[in-house]
Amino acid sequence: MDSNKTAPSAWALRVVTYGVAAHGVLLMASTLEDQLRIHFTRFLVHVSGLVIDVPLLLGLTLLYLSSLLRRRKRTAWVVSVGLYACIVFIGLFRITLGDGLTIEVLLRDIFVPAAMVAGLVYYRGEFTVKSDVRSFAFSLRFIALVLAVTFVYGVTGFMLMDRHDFHTDITLSQAASHTIDQFDLSEPALTPYTRRAKLFVDSLSVVSVGALAYGVVSLFQPIRARLQSEEQQRELAQSLLERYHGSSEDFFKLWPHDKLYFFNLAHTAGIAYAVHRGVALVAGDPFGRVEAFDALLTSFDDFCRANDWAVAIVHTEPKFSELYQNHGFSLQKIGEEAALSLAHFENEVGRNKYFRHIRNKFEKQDFTTELLKPPHNDAVFARLQEISNDWLKQPGRAERRFLLGYFTPAYMQHGPIMVLRDAAGTIQAFINQIPSYDPEEANFDLLRHTNIALGNANDFLMMNFIHHLHQEGFKRLNLGLCPLSGLEARDEERSVVDSALRFVYANGDRLYSFSGLHRFKAKYEPEWSSRYIAYRGGIRGFTRTVTALSKATKV
């Protein structure tokens, strides 16, 4: 949401942009009406015997421009103002000639275009978006709209013709078929016998070709040029994380390779993000020099506004809440992250009755753990792949990306893997350690086991993993996020969202065991810390963010 735009101005701006579309439809409808009245002396250009109706193409062009004006495209604004200025000039020129002036012509060719010019000029400061950035989904929606208008134009025209025009009665299905099939492949060709029938068929060909041309232009808009390659940007991001010591979760700013990067001019701070459904989803908090974060967010906002993207920051830490609120973001808690004190577990928690029982149970049956360091061989990967596939067959389990990793040989090569072997030496479970940019906190991602693994296999593997990390000198282990845990309503707006999320938490165990995940982590007695999504635009903005995030996390 643009915080500096008032509601009245936003409403008036929509009137202007929708007015351009309505004017385009009016021109196309009036052209059809003129043809049916056999009034074709105005604005006709003959090229090689083909009649091209200028108002028809003009109407289609205005429809195309209106879709871009809604997205506040600067180039579309320039073209629209120029086009309307030409329409007004031609209309005034016709007045001096006294060429068939009517109230309809004055409204369509002078007063309405003049009003559109005035509105576009008045709101010129709102059209700042670059015209070379377009999502594929938006292009498809626009093509569907243009083809739908063309279809309605063709069917309406055929149905309004009579037997005198084509020497045959045309049914609704035939009208639709002839409109779709411009080359008469599925239906015998219709022969026009009257002037208006010939001109209608020619105009339908023109508008169909025009619709396809606009579709091609829409789909193949030039992609925004990048000053640096993605690999160079990733290397710069990694160097900043290493220099300024990020968090144990920051590895997911680099992996998977589904993110772009935005840096300040000094290259001392950056943001990792991905764009889905018109939302720039920032992966966690900014990284690099903390003092540069405020200016970095301002620059990133300007960058996203110029590209017609909303901004949302996913999985933010409480220490940056004030920064985001100062930039107009609302914060919605999405769960709590668990961080385990390794010394506390080794000295107290790991010695209680529950964990002693698990250790004795597995050791008596000759289960062992082994730490495998990269590079890992193909035989290990083949077995781990079998375990992963077995694990994924369970209800509610699926691979995720963006803020998580997913099983691939390339991903698993990034760090050590601790495996659980049974008495026969067969691997039954594994946990992978990921690189951490916090020298005191370790992290992991995938903890998976076979369906035939002994009960509590994850706990036995985790206990040994904790012991190993403690010996390595780490002080904490990040156990990850428990989604939807610890939600509390704070104000009217967020209470609605919180209530919905709490309902999902309470009723979603059939698809994903939220409560089971929390119970598994809670027995290790970690410290819990809230995590948030920073977004703008109220409930609608939050819903749009969640939809984009759902798209981003799918593998």
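The rules behind each value
Residues numbered from 1 in each chain as written. Predicted model: local features only at pLDDT ≥ 70, side-chain atom pairs only at ≥ 80, totals over all residues. Heavy atoms only, no water. Helix = DSSP H or I, 4+ residues; strand = E, 2+ residues; numbered from the N terminus. Buried < 20%, exposed > 50% of the residue type's maximum accessible area, 1.4 Å probe, protein only. Contact = heavy atoms within 4.5 Å. Areas by Shrake-Rupley, 256 points an atom, 1.4 Å probe, with all protein chains shown as cover. Core = buried A, V, L, I, M, F, W, Y, C linked by side-chain atoms within 4.5 Å. Axes fitted to C-alpha atoms, helices over the stretch in contact; angles between N-to-C directions. Parallel < 35°, antiparallel > 145°, perpendicular 65-115°, else oblique. Nonpolar A, V, L, I, M, F, W, Y, C, P; charged D, E, K, R; others polar. Phe/Tyr/Trp six-rings, centres within 6.5 Å; stacked < 30°, edge-to-face > 60°. Lys NZ or Arg CZ within 6 Å of the ring centre and 35° of its normal. pLDDT = per-residue confidence, 0-100. Salt bridge = Lys/Arg side-chain N within 4 Å of Asp/Glu carboxyl O. Pairing = 2+ DSSP bridges. Polar contact = N/O pair within 3.5 Å; in protein donor to acceptor, adjacent residues only side chain to side chain. Expected span 1.5 Å × (residues − 1). Arc of directions from axis to C-beta.

Across its full length, the chain carries 19 helices and 14 strands. In the chain, buried positions account for 50% of the 555 residues. If you take every contact in the chain between residues at least 6 apart in sequence, the share linking residues at least 24 apart comes to 74%. Here the chain displays about 27400 Å² of accessible surface, and carbon together with sulfur accounts for 59% of that area.

A separate point is the nonpolar core. Of all hydrophobic cores here, the largest spans 41 residues; its most connected members are Leu281, Phe287, Leu384, Tyr411, Met412 and Phe430. Counting 30 residues, the second largest nonpolar core, distinct from the first, contains Met418, Leu469, Leu479 and Tyr524.

Another aspect to go through is the packing of helix H13 (residues 353-364) against helix H16 (residues 457-472). Packing of H13 against H16 brings their axes to within 10 Å, and their N-to-C directions diverge by 100°. The pairing of H13 with H16 is recorded here as roughly perpendicular in orientation. Taken together, the residues of H16 that come into contact with H13 (itself represented by Tyr354, Phe355, Ile358, Arg359, Phe362 and Glu363) are Ala457, Asp459, Phe460, Met463 and Asn464. The residue makeup of the contact of H13 with H16, split by class, is 7 nonpolar, 1 polar and 3 charged.

A cis amide bond links Trp255 to the next residue, Pro256, at an omega of -5°. Examined against the element boundaries, Pro256 turns out to sit in the loop between helix H9 (230-244) and strand E3 (260-263). For the peptide bond that leads from Pro374 to Pro375, omega is 5°, which places it in the cis range. Counting through the fold element by element, Pro375 comes out in the loop between strand E9 (368-372) and helix H14 (378-392). The phi angle at Asp366 is positive, at roughly 60°, despite the residue not being glycine.

The next thing to look at is the packing of aromatic side chains. Within the structure shown, the criterion is met by 27 aromatic pairs. With 5.1 Å between their ring centres and 35° between their planes, Phe262 and Phe303 make a pair best called tilted. With a gap of 41 residues between them, Phe262 in strand E3 and Phe303 in helix H10 (residues 293-306) connect regions that are remote in the sequence. Judged by its relative accessible area of 14%, Phe262 falls in the buried class. Taken together, a centroid distance of 4.8 Å and an interplanar angle of 5° make the contact between Phe362 and Phe460 stacked. Taken together, the residues span a long stretch of sequence, with Phe362 in helix H13 and Phe460 in helix H16 at a distance of 98 residues. Across the pair, exposure class does not vary: Phe362 and Phe460 are buried alike. Over the ring of Phe329 we find Arg536; its NZ or CZ atom is 3.8 Å from the centre of that ring.

Another aspect to go through is the side chain of Thr553. Relative to the helices and strands, Thr553 resides in helix H19 (residues 538-553). Ignoring anything within four residues of it in the chain, the contact list for Thr553 reads Glu399, Arg400, Arg401 and Phe402.

Let's shift gears to the confidence of the model for the chain. The share of residues in the chain with pLDDT of 70 or more is 79%, and the mean pLDDT across the chain is 81. Low pLDDT, under 50, characterises residues 38-52; the predicted model gives this stretch 34 contacts beyond four residues in sequence or across chains. Of the regions scoring below 50 in pLDDT, residues 507-512 engages in 7 contacts with residues more than four places distant in sequence or in other chains.

Turning our eyes to something else, we now look at the pattern of salt bridges. With the rule as written, the count across this model stands at 19 salt bridges. A salt bridge links Arg421 to Glu370; the nearest nitrogen and oxygen atoms lie 2.8 Å apart. Separated by 51 residues along the polypeptide, Arg421 in strand E10 (residues 417-421) and Glu370 in strand E9 bring together distant segments of the chain. For Glu370, a relative accessible area of 33% translates into the label partly exposed. Among the salt bridges present, the one from Arg448 reaches Glu399, with a minimum N-O distance of 2.9 Å. You can see Arg448 sitting in strand E12 (residues 441-449) and its partner Glu399 sitting in the loop between H14 and helix H15 (409-412), a full 49 residues away along the chain. Each member of the pair, Arg448 as well as Glu399, carries the same accessibility label: buried. One salt-bridge network, in which partners are shared between bridges, spans Asp438, Glu440, Glu441, Lys475 and Arg476.

Glancing now at the pairing of strand E8 (residues 330-341). Most of E8 sits out of view: 10 of its 12 residues are buried. When E8 meets strand E14 (residues 527-535), the two strands line up antiparallel, connected through 9 bridges. Along E14, the bridge assignment pairs Glu337 with Ser529. Two strands pair when backbone bridges link them, and E8 and strand E13 (residues 476-483) are joined in this way by 7 bridges, in the antiparallel orientation. Note that in E13 the partner of Ser341 across the bridge is Arg476.

Further remarks concern the side chain of Asp438. Among the secondary structure elements, Asp438 is positioned in the loop between strand E11 (427-434) and E12. Among the residues examined, Asp438 registers a relative accessible area of 17% and is labelled buried. Engagement of the side chain of Asp438 in a polar contact is seen with the side chain of Arg476, the distance being 3.0 Å.

Looking at the element boundaries, Ser203 is found in helix H8 (residues 195-219). Sequence separation of Ser203 and Gly154 is 49 residues, and the distance between their C-alpha atoms is 9.2 Å.

Its 15 residues place the ends of H9 21 Å apart at the C-alpha level, agreeing with the 21 Å of an ideal helix rising 1.5 Å per residue. Residues of H9 that are buried: Gln233, Arg234, Leu236, Ala237, Leu240 and Leu241. Buried residues of H9 fall within an arc of 160° about the axis and therefore sit on the same side. Packed against the buried residues of H9 are E3, strand E4 (269-276) and strand E6 (287-288). Just beyond H9, the residue with positive phi is His245, at close to 55°.

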